[in-house]
Amino acid sequence: MRHSETLDKLAMALVQARGKMRPIHKDASNPHFRNSYASLAAISEAATPALLEQGVMVIQSGGAADEAGIEVITRLQHVSGEWIETSVRMPMDKATAQGAGSALTYGRRYGLSAALGIVADDDDDGNAASARGAWREQSSAPRSAIPAPRSESGPVI
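Here's what I pulled together on the structure shown here. (Residues numbered from 1 in each chain as written. Predicted model: local features only at pLDDT ≥ 70, side-chain atom pairs only at ≥ 80, totals over all residues. Heavy atoms only, no water.)

### Observations regarding the overall build of the protein
Short version of the rule: By the criteria applied, helices consist of DSSP H or I runs no shorter than four residues and strands consist of E runs no shorter than two, each listed in order from the N terminus. Accessibility here uses a 1.4 Å probe with only protein chains present; expressed as a share of the type maximum, an area under 20% marks a residue as buried, one over 50% as exposed, and anything in between as partly exposed. Residue contacts are counted whenever heavy atoms from the two residues lie within 4.5 Å of one another. Per-residue and other accessible areas follow the Shrake-Rupley method at a 1.4 Å probe size, with only the shown protein chains counted as cover for residues.
Across its full length, the protein holds four helices and eight strands. Traced from its N-terminal end to its C-terminal end, the protein shows the element sequence β-α-β-β-α-β-β-β-α-α-β-β. Across the 157 residues that make up the protein, the buried fraction comes to 32%. Within the protein, residue pairs in contact and separated by at least 24 positions form 50% of the contacts whose partners lie at least 6 positions apart. Total accessible area computed for the protein in this model is approximately 10,400 Å², and 54% of it derives from carbon and sulfur atoms.

Next up, the structure:
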């Protein structure tokens, strides 16, 4: 995370805005993962009026990109000049305009949710993001060739 030298005014504005944000409704679903989530539009509609009332603007843009992914930058800018900026790198399924557009939309949704401390997805306890089960199932390597996670006291089985 990057930020301005001071954050006093922005921090106070964000606390006040967060208390006035409308509830965020999970208005979309992903049948592949059988989960529901709040779309970028739903998050923006719930957060923007409260942020603007406190003098905070959201600025999002694409950053560095290559065939594998694109960086999405989210900045919360206060009228005082104070700011906080984060970035998330989103993978692209395809190196096409549609792939980049999809990655940007996902990145904007995740970036805005994270910057505002908003829960916009079902909590799957990390299963969708965990490569352990999926990677092992898809790997052509024999099971014994895949290193097991280790703990302080030895391998975890």
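### With respect to the sheet that holds strand S1 (residues 2–3)
Condition: Here the rule is simple: two strands pair whenever DSSP picks up at least two bridges between them. Helix axes are fitted to C-alpha atoms over the stretch in contact, other axes to C-alpha atoms as well, and angles between N-to-C directions run from 0 to 180 degrees.
Strand order in the open sheet formed by four strands is S1-S6-S5-S4, with antiparallel pairing between adjacent strands. Taken across any chain shown, the strands that pair with only one partner, and hence form the sheet edges, are S1 and strand S4 (56–65). As defined by bridge partners, S4 adjoins strand S5 (residues 69–78) across eight bridges and the pair is classed as antiparallel. Each residue of the ladder has a partner; that of Ser-61, found in S5, is Ile-73. Helix H1 (residues 8–20) contacts S4, S5 and strand S6 (83–91) of the sheet and is inclined by roughly 95° relative to S5. Here helix H3 (residues 97–116) sits on the sheet and contacts S4, S5 and S6; the angle it forms with S5, its principal contact strand, is near 40°.

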